[in-house]
Amino acid sequence: MAKLILSMDGLVLKEIPLDRERITVGRKPHNDIQIDNLAISGEHAVIVTLLDDSFLEDLNSTNGTYVNGQSIKKRVLHNGDVIELGKYRLKYFNDAPPQAPRNGFEPQPEADAPPDAPLPLGEIQVLTGAGAGRQLELSKSLTRLGKPGLQVAVIARRPQGYFITHVEGEPRPVVNGRPLDAQAHPLADHDVIELAGVKMEFFLKR
């Protein structure tokens, strides 16, 4: 399981397992990781974890969020990354083997774990671009779509259905003409997704 180590000035303060899909960081008491410091915004950042992948997003904080010294808005975390929030550090640890990078628009099945309950098999059909007509069965627990560094989303197969989540890149992916927000968005039969300049249709096989 991935985890964060919170420290300040080299002193370890806490170890936080990433055992939930969303973990918030901020000064206010309702955050999962509360840092009571004026340099930290009330709701500073959020870490979203889907299977072996964790994604960090800055929540329009006043002083910004930095990873390895670089200011970020949203990015995939890698083992050993250091998140900097004022004087505080959150070091990210993940022992899962890294996925090999792939170039271009390429669906990437992420895991072989079956869902907990029967669910109609979902498929994506590419409608535009060089891959028009291509179909992809969403049989894995997590499938990554898009172009790394440009625009990336993941589709999660859960017992209650399929959900799409924005991972990185601006503008955000669009479903039926509406941009995704920070939350996982449930997909319905025949939803049209626009991602990295490509239109595709989600449907359920009956």
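Everything in this summary refers to the structure shown in the same document. (Residues numbered from 1 in each chain as written. Predicted model: local features only at pLDDT ≥ 70, side-chain atom pairs only at ≥ 80, totals over all residues. Heavy atoms only, no water.)

1. Section: the side chain of Gln-151
Okay, step 1: On the secondary structure map, Gln-151 appears in strand 16 (residues 151-158).
Okay, step 2: A distance of 2.4 Å separates a polar side-chain atom of Gln-151 from the backbone nitrogen of Ala-196.
Okay, step 3: Beyond its immediate chain neighbours, meaning those up to four positions away, Gln-151 contacts Leu-145, Gly-146, Glu-168, Gly-169, Pro-171, Arg-172, Pro-173, Leu-195 and Ala-196. (Helix = DSSP H or I, 4+ residues; strand = E, 2+ residues; numbered from the N terminus. Polar contact = N/O pair within 3.5 Å; in protein donor to acceptor, adjacent residues only side chain to side chain. Contact = heavy atoms within 4.5 Å.)

2. Things to note about the environment of Ala-196
Okay, step 1: For Ala-196, the location among the structural elements is in the loop between strand 21 (191-195) and strand 22 (198-204).
Okay, step 2: Since its relative accessible area comes to 10%, Ala-196 is described here as buried.
Okay, step 3: Sequence separation of Ala-196 and Pro-171 is 25 residues, and the distance between their C-alpha atoms is 9.1 Å.
Okay, step 4: Those residues in contact with Ala-196, other than ones at most four positions away along the chain, are Gly-146, Lys-147, Leu-150 and Gln-151. (Buried < 20%, exposed > 50% of the residue type's maximum accessible area, 1.4 Å probe, protein only.)

3. Considering the pattern of salt bridges
Okay, step 1: What the rule picks out here adds up to eleven salt bridges.
Okay, step 2: In this structure, the salt-bridge partner of Glu-57 is Lys-74, at a minimum N-O distance of 3.5 Å. Within this pair, whereas Glu-57 is found in strand 6 (residues 53-58), its partner Lys-74 is found in strand 9 (residues 74-76), the two being separated by 17 residues in sequence.
Okay, step 3: For Glu-57, a relative accessible area of 10% translates into the label buried.
Okay, step 4: When salt bridges that share partners are traced, they join Asp-19, Arg-20 and Asp-32 into one network. (Salt bridge = Lys/Arg side-chain N within 4 Å of Asp/Glu carboxyl O.)

4. Looking at the pairing of strand 11 (residues 88-93)
Okay, step 1: Alternating positions in strand 11 separate cleanly, Tyr-88, Leu-90 and Tyr-92 being buried on one face and Arg-89, Lys-91 and Phe-93 remaining unburied on the opposite face.
Okay, step 2: As paired elements, strand 1 (residues 3-8) and strand 11 share six bridges and run antiparallel to each other. Looking at strand 11, one finds that Leu-6 is bridged to Leu-90.
Okay, step 3: Of the pairings in the sheet, the one linking strand 10 (residues 82-85) to strand 11 comprises four bridges and is antiparallel in character. (Pairing = 2+ DSSP bridges.)

5. Structural notes on unusual backbone geometry
Excluding glycine, a negative phi dihedral is what most residues carry, and trans is how most peptide bonds are arranged.
Okay, step 1: A positive phi angle, near 55°, is found at Asp-9, a position not held by glycine.
Okay, step 2: Within the secondary structure, Asp-9 is located in the loop between strand 1 and strand 2 (11-17).
Okay, step 3: Taking the relative accessible area as the measure of exposure, Asp-9 reaches 66% and is therefore exposed.
Okay, step 4: Its identity is not glycine, yet Asn-60 carries a phi of approximately 55°, on the positive side.
Okay, step 5: As for its placement among the helices and strands, Asn-60 is situated in the loop between strand 6 and strand 7 (65-67).
Okay, step 6: Residue class for Asn-60 comes out exposed when judged on its relative accessible area of 67%.

6. Here we look at the environment of Ser-71
Okay, step 1: Looking at the secondary structure, you find Ser-71 in strand 8 (residues 70-72).
Okay, step 2: With relative accessibility at 54%, the residue Ser-71 sits in the exposed group.
Okay, step 3: In sequence terms Ser-71 and Glu-84 are 13 residues apart; their C-alpha atoms lie 9.2 Å from each other.
Okay, step 4: Beyond its immediate stretch of four places on either side in the chain, Ser-71 contacts Thr-65 and Tyr-66.

7. As for the sheet that holds strand 4 (residues 33-34)
Okay, step 1: One open sheet holds the five strands; their spatial order is 4-3-5-6-9, and the pairing between them is mixed. Unpaired on one side and paired on the other, strand 4 and strand 9 mark the two borders of the sheet.
Okay, step 2: Sheet analysis places strand 5 (residues 45-50) next to strand 6, joined by six bridges and oriented antiparallel. The residue of strand 6 that forms the bridge with Thr-49 is Ser-54.

8. Side note on the packing of aromatic side chains
Okay, step 1: Summed over all chains, the structure comprises one aromatic pair.
Okay, step 2: The ring of Phe-93 has Lys-3 sitting right over it, with the charged end atom 5.9 Å from the ring centre.
Okay, step 3: We note Arg-158 situated over the ring of Phe-163; from NZ or CZ to the ring centre the distance is 4.5 Å. (Phe/Tyr/Trp six-rings, centres within 6.5 Å; stacked < 30°, edge-to-face > 60°. Lys NZ or Arg CZ within 6 Å of the ring centre and 35° of its normal.)

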